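# A closer look at the structure
The primary structure of each chain is shown beneath.
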Amino acid sequence: MFPTPIQKRSRPVQITYQTFLPLALILWLLPLLAVMLFSIRPLSDFTNGNYWGVPSSFEMFHNYGRVFFESDMPRYLMNSVFITVPTVIGAVALSCMTGFALGIYRFRGNLLIFFMFIAGNFVPFQILMVPVRDLTVSTGLYDTKTGLILFHIAFQTGFCTLFMRNFIRALPYELIEAARVEGVAEWRIFWFVVLPLMRPAIAALSVLVFTFIWNDYFWAIVLTQGSGAQPVTAGITSFNSQFVAQYHLMSAGSIVAAIPPVAMFFAMQRHFIAGLTLGAVK
Amino acid sequence: MTPATPDQTWVQRNRMTITPILFLLPGLLFFIVYVISPIFQSFSISLYEWDGLGQADYIGLDNYRELMTDRSFEVSLWNNVKWLVLYLLAIPAGLFIALFLNQTVPGIRLYKSLFFFPFVLSQVVVGLVFSWFYLPREGLLNAVLGLFGAGPVNVLGDPGLATYGIIAAGLWPQTAYCMILYLTGLNAVNPEQIEAGRLDGAKGWRMLWHVVLPQLKPATFIAFVVTIIGALRSFDLISIMTNGGPFGSTRVLSFLMFEKALSEYGFRMGYGSAIAVVLFLIMLIFIGYFLWQMWHDERVARR
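The rules behind these values
- Residues numbered from 1 in each chain as written.
- Chains lettered and ligands numbered in written order.
- Predicted model: local features only at pLDDT ≥ 70, side-chain atom pairs only at ≥ 80, totals over all residues.
- Heavy atoms only, no water.
- Helix = DSSP H or I, 4+ residues; strand = E, 2+ residues; numbered from the N terminus.
- Rg over C-alpha atoms; globule rule 2.2 N^0.38 Å.
- Buried < 20%, exposed > 50% of the residue type's maximum accessible area, 1.4 Å probe, protein only.
- Areas by Shrake-Rupley, 256 points an atom, 1.4 Å probe, with all protein chains shown as cover.
- Contact = heavy atoms within 4.5 Å.
- Buried area = accessible area lost by both parts, 1.4 Å probe.
- Salt bridge = Lys/Arg side-chain N within 4 Å of Asp/Glu carboxyl O.
- Polar contact = N/O pair within 3.5 Å; in protein donor to acceptor, adjacent residues only side chain to side chain.
- Axes fitted to C-alpha atoms, helices over the stretch in contact; angles between N-to-C directions.
- Nonpolar A, V, L, I, M, F, W, Y, C, P; charged D, E, K, R; others polar.
- Domains from an automatic or database assignment.
- Phe/Tyr/Trp six-rings, centres within 6.5 Å; stacked < 30°, edge-to-face > 60°.
- Lys NZ or Arg CZ within 6 Å of the ring centre and 35° of its normal.
- Core = buried A, V, L, I, M, F, W, Y, C linked by side-chain atoms within 4.5 Å.
- Arc of directions from axis to C-beta.

Glancing now at the overall build of chain A. Across its full length, chain A holds 15 helices and zero strands. Taking 19 Å as the expected radius of gyration for a compact globule of 282 residues, we find that chain A reaches 24 Å, considerably beyond that expectation. With respect to the three principal axes, the spread of C-alpha positions in chain A is 80 × 65 × 30 Å. When the 282 residues of chain A are sorted by exposure, 56% land in the buried category.

A word on the overall build of chain B. For chain B, the count of helices and strands is 15 helices and two strands. For chain B, the C-alpha radius of gyration of 25 Å lies well beyond 19 Å, the compact-globule estimate for 303 residues. Considering only C-alpha atoms, chain B reaches an extent of 90 × 75 × 30 Å along its principal axes. Buried residues in chain B amount to 52% of all 303 residues. Approximately 14600 Å² of chain B is accessible, and the part contributed by carbon and sulfur atoms is 66%.

Each partner contributes to the interface: chain B provides 105 residues, whereas chain A provides 98 residues. Where chain B abuts chain A, roughly 9600 Å² becomes buried across the two surfaces, and 78% of that area is made up of carbon and sulfur atoms. When the area that chain B buries against chain A is broken down by residue, the three leading residues are Phe-23, Tyr-34 and Trp-132 of chain B, summing to 9%. Residue Arg-15 of chain B is joined to Glu-186 of chain A by a salt bridge in which the shortest nitrogen-to-oxygen separation is 2.9 Å. Where chain B packs against chain A, one counts 15 residue pairs in polar contact (both at pLDDT 80 or more). Counting residues per element, the side of chain B that touches chain A draws most heavily on helix α2 (residues 15–45) of chain B, at 23 residues.

Tracing the sequence through the fold places Thr-4 of chain A in the segment before α1 (11–28). In this structure, Thr-4 of chain A is in contact with Arg-9 of chain A together with Gln-103 and Arg-198 of chain B, ignoring residues within four places of it in sequence. One polar contact links Thr-4 of chain A to Arg-198 of chain B, side chain to side chain, over a distance of 3.3 Å.

Contact pair helix α13 (residues 232–242) of chain A / helix α7 (residues 123–133) of chain B: the axes reach a minimum separation of 10 Å and the direction vectors enclose 35°. Across the interface between the two elements, Thr-233, Ile-236 and Asn-240 of chain A of α13 of chain A pack against Val-124, Leu-128 and Trp-132 of chain B of α7 of chain B. Looking at the contact of α13 of chain A with α7 of chain B, its residues break down into four nonpolar, two polar and no charged.

Right, let's talk about the domain arrangement of chain A for a bit. Residues and elements named next belong to chain A. As far as domains go, chain A holds domain 1 (6–58) and domain 2 (71–276). One C-alpha centre belongs to domain 1, the other to domain 2, and the line joining them spans 35 Å. Interface area, domain 1 with domain 2, both sides summed: about 550 Å², of which 79% is carbon and sulfur. At the boundary of domain 1 and domain 2, one finds zero salt bridges. The tally of links from domain 1 across to domain 2 stands at zero residue pairs in polar contact (both at pLDDT 80 or more). Counting only elements with at least two residues in the side of domain 1 that touches domain 2, the list comes to α2 (30–39) and α3 (43–47). Ranked by residues supplied to the side of domain 1 that touches domain 2, first place goes to α2 with four residues.

Residues and elements named next belong to chain A. Tallied over the full model, the rule gives 48 aromatic pairs over all chains. Here the aromatic rings of Phe-218 and Trp-219 are separated by 5.2 Å at their centres, their planes lie at 85°, and the arrangement is edge-to-face. Exposure remark for Trp-219: the relative accessible area of 1% places this residue in the buried category. Ring geometry for Phe-265 against Phe-272: centres 5.2 Å apart, planes inclined by 75°, an arrangement best described as edge-to-face. Phe-272 shares its class with Phe-265; the two are buried. Against the face of Phe-114 rests Arg-165, its NZ or CZ located 4.1 Å from the ring centre.

Let's shift gears to the nonpolar core. Leu-128, Met-129 and Trp-219 of chain A together with Phe-116, Phe-130, Met-179 and Val-212 of chain B are the most contacted members of the largest nonpolar core, which totals 199 residues. Counting only domains with at least three residues in this core, you end up with domain 1 (6–58) and domain 2 (71–276) of chain A. The residues contacting Met-129 of chain A, other than those within four sequence positions of it, are Phe-218, Trp-219 and Val-222 of chain A together with Met-257, Phe-258, Ala-261 and Leu-262 of chain B.

Residues and elements named next belong to chain B. Among the residues making up helix α3 (residues 62–69), those that are buried are Asn-63, Tyr-64 and Leu-67. Taken down its axis, α3 places every buried residue within 100° of arc, on the same side. Looking at α3, the residues exposed on the side facing more than 90 degrees away from the buried face are Arg-65, Met-68 and Thr-69.

With that settled, consider the packing of helix α4 (residues 71–87) of chain B against helix α14 (residues 253–261) of chain B. Running from N to C, α4 of chain B and α14 of chain B cross one another at 145°; their axes reach a closest spacing of 8 Å. Within the contact between the two elements, α4 of chain B uses Ser-72, Phe-73, Ser-76, Leu-77 and Asn-80 of chain B and α14 of chain B uses Leu-253, Leu-256 and Lys-260 of chain B.

Here is the structure:
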């Protein structure tokens, strides 16, 4: 193991390490801790200039209550859910199929199509912006959740295909050959042999795509504009102009917007990290 | 494969060709409509003067000629270079934190997750958190600087500092990403080689450089890919923290493109597309390199 395990070092080194660990963490999360502190302060603290002292009262319920009951925040959160969940299902379903086709079958152009998916995944969003917006407007899907979902599914399919294809490649090929010898139809091989083995990959991709889509901001402002369809990342700017300079409420609002992907991460950590490393680093 | 027998239908005989086509079709169709063909469309739109609604006028390379004299384009391009270079700091910083955390003490798993989780926050939230952190009066940064007697700095209000302030905010989640890549990589480092290195008297830096880093190569490659792509994609942070200002000093190509094509200053789709094409070509250099590298690995894996 590298670096040398702390247990093998001298006592003073161990104690130094144990004290530095929490200090480093606090330093690392300092900007976020500041926002958390802001979000439980009363308004009067800001007018009195008490930014960093002990809050004069703890207004957690009051502040977060106002976020939920006096703004469009719940609406934006619901929009985010209704955009994110269908995208996850769509992108994972499509890429299970493309990954199966590219990972199992040998045909001309296989590698070429695979690399097209990878390349598309790296392009800057701006090169897609004008045509995609135009397409969305002309199909009447501008400012609808559907318009956003369709684009997200298409774009995420690139990344998901990369992941799924590599995962399927690593499965024991003998299983598929054995099934073919038995005369099992190809689609049944997909459904009954390969798909059950893909469960960990499906879990990893679902969590990852969930975070990516929940956190998307660019496409949200390009393809939607009102509280009818906008997800929370875009909605937070109108939230902030509603409560301009009221830092206790703006802080509470952005914490609320951040919670779902954070909760998802802590609940599904192992899958999440397996997905992030693209399976290339084991 | 079963040999073709006369009583098999055409579909059954050709199933090894038909199945992959059917399985690919939906995903491929989506991808071509929404990702591949827009790239080519953007190239062609960049040759027109078009407001997105009315008639599009063909003007040849005029948009590109205009770019050459556009001062904001120059500023944006230069800022992109700053982003690219400084963003790469996330890689050594991530490695450093990973080495710091690669221990087995009680609670270390929680520490690792908490160090990582800035990456899970949306860039919008990161942008807001940091713009409040930098506030001249209410911000924590100036409160801390005040303790050392340093005067208040208005990071995002100073044209000379604002871009660096935004890059620092971007480095926060990016470092966390690189850290997790290296932590996973360190798990897979061969302990026997480390022991052999120790017996040969290698320690600290020499061990890291000659024994550990070569084994971390796959992690470094992915860290490099995601950091370069992240640097060139920077948009959210700029839009949230400064909206391009002060005096346009924090614009990058991606932001300038959005501003030209889709903002209150007028809908110049053609000109915006020309900027996007330039950004795309810059990115293409890197994409080409990444793909070449992956293609190479793929070839090796086949043998």
